[in-house]
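Commentary on secondary and tertiary structure
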Amino acid sequence: MLIDFVPDKNLYPFESRWFDSSAGRVHYIDEGSGPTILFCHGVPAWSFLYRHVIAELRTRYRCVAVDYLGFGLSERPEGFGYTVAEHTGILGELIDHLGLDDYVLMGHDWGGPIGLGASIPRADRLRGIVLGNTIFWPIEAMANRVFAQAIRTGPMQRRVLEQNFLVERVLLSELGKTLSPAEIDHYRLVQPSPQARKGLAVIAKQIVDARPLMTQLARDVPAVLADKPTLLVWGMRDMVYRPKAHIPRMVSTFTDVEVVELPQARQFIQEHAPVEIAEAIAKRFP
């Protein structure tokens, strides 16, 4: 299944590019020149989430942003499982296809585990890491565990598929009052039908099902990537990736880490504080 939504060039002024991965057609953008930054989105977003950050940085950096299969403008292929492990593998294929070298990874939400997982076997090509409101270990917080179990139930899975729950009730409940109607459509219309939303339904269950992968990442990130220069850009009003519960573990993992707090930002930091994020990246990785 292909998505026929065409982004508004005034809102998303980037050239769409395509990569025929082993599982399906992947949409990505590749803007600007200079040191490379690879942007990995979370759920239920797509590369559109990074539009303001990339607009700030593309005059100085090569900005690559991907849509995972099942997200954004990428294909919804039959037979693909849409698990975090599979997304990680496809991202690795794209990194190799583009020949990314000396790149900085930015991962947000599920983009953290996906981006880190793809970068661990390519650590010699990774220059640095930017993490925002994400984790690379199994979710332990009780509130998250309650949600994780609820989202697996039949009624909630139907709401994800039939009512676009993750866009309407998660993303837009946070951002709906700050986005224009056209921007809202850019999040809604890339998930136009229950068939298109299979990836959303699967990844919602990955909070529990990806525990073995997350346990492995909890070992591998400190063992392989701890010495990479790291920047944390954190929405301090996030009720999912709570700062007091997550920043200390992040800081203790990396030997060379800087923290930039975004006081008014919640989970979707790229919409709340894009200029601050871009400035922090440019300062940390000139």
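Look up: the structure comes first, before these words.
Worth saying up front: this structure is predicted, and the values here are computed from it rather than measured.

Turning our eyes to something else, we now look at the overall build of the protein. Counting secondary structure elements, the protein contains 12 helices and 8 strands. Relative to the compact-globule value of 19 Å for 286 residues, the protein shows a C-alpha radius of gyration of 17 Å, a close match. Reported as C-alpha extents along the three principal axes, the dimensions of the protein are approximately 45 × 40 × 40 Å. Across the 286 residues that make up the protein, the buried fraction comes to 57%. Look at the contacts in the protein between residues 6 or more apart in sequence, and 78% of them connect residues 24 or more apart. Total accessible area computed for the protein in this model is approximately 11,600 Å², and 51% of it derives from carbon and sulfur atoms. Between the centroid of the 31 positive side chains of the protein and the centroid of its 33 negative side chains there is a distance of 6 Å.

A separate point is the packing of helix α6 (residues 165–175) against helix α7 (residues 181–188). A packed helix pair is summarised by two numbers, namely the angle formed by the two axes and the spacing between the axes. At a closest axis distance of 10 Å, the pairing of α6 and α7 adopts a crossing angle of 135°. When the interaxial angle is binned, α6 and α7 end up oblique. The crossing of α6 and α7 is right-handed. Side by side, α6 and α7 meet where V167, E168, L171 and L172 of the first sit next to I184, Y187 and R188 of the second. Tallied by class, the residues present in the contact of α6 with α7 amount to 5 nonpolar, no polar and 2 charged.

This brings us to empty space enclosed by the protein. This structure, assessed with the given rule, holds 2 cavities of 30 Å³ or more. Around the largest cavity sit V26, V66, D67, Y68, L69, F80, H87, I90 and L91, which together line it. Per element, the largest residue contribution to the lining of the largest cavity is 3 residues, and it comes from helix α2 (residues 84–98). Among the residues making up the lining of the largest cavity, the classes are represented as 7 nonpolar, 1 polar and 1 charged. In this structure, the second largest cavity occupies an estimated 30 Å³ of space. Partitioning the lining of the second largest cavity into residue classes produces 7 nonpolar, 1 polar and no charged.

Relative orientation of the contacting elements helix α5 (residues 154–163) and α6 amounts to 95°, with a least axis distance of 6 Å. The pairing of α5 with α6 is recorded here as roughly perpendicular in orientation. Seen from α5, the contacting residues are M156, R159, V160 and Q163; seen from α6, they are F165, L166, E168 and R169.

By the secondary structure assignment, H246 is in helix α10 (residues 243–253). Under the relative-accessibility criterion, H246 is labelled buried at 8%. Only 2.8 Å separates the side chain of H246 from the backbone oxygen of R242, close enough to count as a polar contact. Not counting residues up to four positions away in its chain, the partners in contact with H246 are T134, I135, W137, W234, V240 and Y241.

In total, this model carries 0 disulfides according to the counting rule given. Among the cysteines around C40, which has no disulfide bond, C63 carries the closest sulfur, lying 13 Å off. On the basis of relative accessible area, C40 is assigned to the buried category, the value being 0%. C63 gets classed as buried once you look at its relative accessible area, which sits at 0%.

What counts and what doesn't
- Numbering of residues starts from 1 in every chain and runs along the sequence as written.
- Selection of residues for local features in this predicted model requires a pLDDT of at least 70, selection of side-chain atom pairs for listing and counting requires 80 or more, and totals for whole chains, interfaces and linings are taken over all residues.
- Derived side-chain values reflect all non-hydrogen atoms in the structure, with water molecules and hydrogen atoms excluded from consideration.
- Numbered from the N terminus, helices here are DSSP runs of H or I no shorter than four residues, and strands are runs of E no shorter than two.
- Values of the radius of gyration come from C-alpha atoms, whereas the globule rule sets the reference at 2.2 Å times the count of residues to the power 0.38.
- Throughout, exposure labels follow a simple rule: accessible area from a 1.4 Å probe, protein chains only, divided by the maximum for the residue type, with under 20% read as buried, over 50% as exposed, and the rest as partly exposed.
- Whether two residues are in contact is decided by their heavy atoms, any of which lying within 4.5 Å being enough.
- Computed by Shrake-Rupley with a 1.4 Å probe, the accessible areas treat only the displayed protein chains as cover when residues are assessed.
- Positive charges come from Lys and Arg, negative ones from Asp and Glu, while His and the chain ends are left out of the count.
- All charge positions are set by atom: Lys at NZ, Arg at CZ, Asp at CG, Glu at CD.
- For helices, the fitted axis covers only the stretch in contact; all axes are lines through C-alpha atoms, and the angles between them, taken along N-to-C directions, range from 0 to 180 degrees.
- Our angle categories are set so that under 35 degrees counts as roughly parallel, over 145 as roughly antiparallel, 65 to 115 as roughly perpendicular, and the remainder as oblique.
- Left-handed describes a crossing whose near helix is turned anticlockwise from the far helix by less than a right angle; the clockwise case is right-handed.
- Residues are grouped as follows: nonpolar covers Ala, Val, Leu, Ile, Met, Phe, Trp, Tyr, Cys and Pro; charged covers Asp, Glu, Lys and Arg; every other residue, Gly included, is treated as polar.
- With a 1 Å grid spanning the protein atoms alone, the term cavity applies to any set of points in which a 1.4 Å probe fits but cannot get out, the term pocket to an open set with protein on both sides within 12 Å along at least five of seven lines, and the term lining residue to any residue with an atom within 4 Å of a point.
- Grid points are joined across faces, edges and corners, and a volume is the space filled by probe spheres set on the points.
- Nitrogen and oxygen atoms within 3.5 Å of one another constitute a polar contact, given that in protein one can donate a hydrogen and the other can accept it, and given that sequence-neighbouring residues count only through two side-chain atoms.
- Only a pair of cysteine sulfur atoms within 2.5 Å qualifies as a disulfide here.

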